[in-house]
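Take a look at the letters that make up each chain.
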Amino acid sequence: MYTVIIYIAAVAGVILSWRRSKEKTRKALTIGRRSLLNMLAPMLTLVGIIGLIMVFLPPEWIAAHLGEGAGPIGTLTAALVGAITLIPGFVAYPLAGSLYRAGASVMTVAAFITTLTMVGFVTAPFESKQLGRRFTLWRNGLSFLSALVIAYVMGVLLS
Amino acid sequence: MLVLAYGLLGILMPAQALKAVSTVGRNFKEVAFILPPVFVLMGLLDVWVPKETVELHLGHTSGLRGVLLSILLAAAAAGPIYVAFPIAATLLRKGTRLLNIVVFLTAWAAAHLPMIIVEMRFLGLPFALLRTGLTLIMGVAIGAIMERMAVTIEPGR
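Report follows, based on the coordinates.

Rules behind the numbers
Residues numbered from 1 in each chain as written. Chains lettered and ligands numbered in written order. Predicted model: local features only at pLDDT ≥ 70, side-chain atom pairs only at ≥ 80, totals over all residues. Heavy atoms only, no water. Helix = DSSP H or I, 4+ residues; strand = E, 2+ residues; numbered from the N terminus. Rg over C-alpha atoms; globule rule 2.2 N^0.38 Å. Phe/Tyr/Trp six-rings, centres within 6.5 Å; stacked < 30°, edge-to-face > 60°. Buried < 20%, exposed > 50% of the residue type's maximum accessible area, 1.4 Å probe, protein only. Salt bridge = Lys/Arg side-chain N within 4 Å of Asp/Glu carboxyl O. Contact = heavy atoms within 4.5 Å. Buried area = accessible area lost by both parts, 1.4 Å probe. Polar contact = N/O pair within 3.5 Å; in protein donor to acceptor, adjacent residues only side chain to side chain. Nonpolar A, V, L, I, M, F, W, Y, C, P; charged D, E, K, R; others polar.

**Notes on the overall build of chain A**
Scanning chain A from terminus to terminus reveals eight helices and zero strands. Element order for chain A, N to C, with α for helix and β for strand: α-α-α-α-α-α-α-α. In terms of C-alpha radius of gyration, chain A reaches 20 Å, well past the compact-globule figure of 15 Å for 159 residues. Overall, chain A is about 60 × 35 × 30 Å in size when its C-alpha atoms are taken along their principal axes.

Pasting the structure below:
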């Protein structure tokens, strides 16, 4: 559904752009295509890594084990697992839901989801290539600390 | 190396290898579909939006409006976080300040509208809203700290 909206936006954009300048539209499409092709290799690598993660750290295993770990240790483990793994959203949220039902605290579930979204260990090499190593280290480091703060606040407010 | 890993997996644990490959296939389809329009839009942005405009709305004097615009741009986009890196690099080249780059990346990862709906379904409305709100606030804080520490961006290193 949402994909359709994005497609409509792109097609409408190209039509509007084409009307105003064919030259510029060609240039835009070339830029888009070049970026897309540059994306392909890292994308295949990352998708491949995700596949391996799903096998060696299956969502069911994560749900079963993070659910047990009570207290700060459990929360910290969840934050670490969230930071190093890369799980697509359509798997992550159901997983977090079952984590919660399995008895994990709000803090643990929040730590997991927050580091999962904010910190990207697996994507760091690619981020580094596009935006530099210093930027990547700072952003991910501070994001990890923030995730712990967010998890704590959420645990206090929601349980 | 990845190919080697998959080869080994295929020989040693065929069942797991099959599972990994099917995950890869599903994931690839998911991402491959969303990429072309996102990059077409990025190309259009690159060509049509002049540097001055980006600087004005996302640059050093853009203030709160710049932050909100960064969030809006990222929330409306789609695709995994690694798609956002080249787009962030484009925005940066056009004069976006570092704080807004960080906010853009944080919002891209944490505040996609369709994903928030999924999150609401599995974790409830209070959880989803609170997490999204706190994450965005922290994104601004991280960006501010990084600007204060004069973190520079040197692509390719």
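There is more to say, and it comes next.
**Remarks on the packing of aromatic side chains**
Counted by the stated rule, this structure contains two aromatic pairs over all chains. Ring plane angle 65° and centroid distance 6.1 Å describe the contact between Phe 126 of chain A and Phe 85 of chain B, whose orientation is recorded as edge-to-face. With one member in each of two chains, Phe 126 of chain A in helix 7 (residues 124-131) and Phe 85 of chain B in helix 5 (residues 81-93) form a pair that bridges those chains. Overall, the relative accessible area of 0% leaves Phe 85 of chain B in the buried class.

**Describing the pattern of salt bridges**
Residues and elements named next belong to chain B. Tallied over the full model, the rule gives seven salt bridges over all chains. The salt bridge involving Glu 119 is made with Arg 131; its shortest N-O contact spans 2.6 Å. Note that Glu 119 is positioned in helix 7 (residues 113-123) and Arg 131 in helix 8 (residues 125-148), a separation of twelve residues in sequence. Summarising the burial analysis for this pair, Glu 119 and Arg 131 share the class buried. Through salt bridges with shared partners, one network takes in Asp 46, Arg 93 and Lys 94.

**Quick look at the interface of chain A and chain B**
Across the contact, 73 residues belong to chain A and 74 residues belong to chain B. Taken together, both faces of the contact between chain A and chain B bury some 6400 Å²; the carbon and sulfur share is 80%. Looking only at chain A, the three residues that lose the most surface to chain B are Phe 90, Tyr 93 and Leu 131 of chain A, adding up to 10% of its buried area. Connecting chain A to chain B are zero salt bridges. Scanning the region where chain A abuts chain B turns up three residue pairs in polar contact (both at pLDDT 80 or more). Counting residues per element, the ones that place at least two in the side of chain A that touches chain B are helix 1 (2-20), helix 2 (22-56), helix 5 (89-101), helix 6 (106-118), helix 7 and helix 8 (133-158) of chain A. Along the lines of polarity and charge, the residues of the side of chain A that touches chain B split into 45 nonpolar, 19 polar and nine charged.

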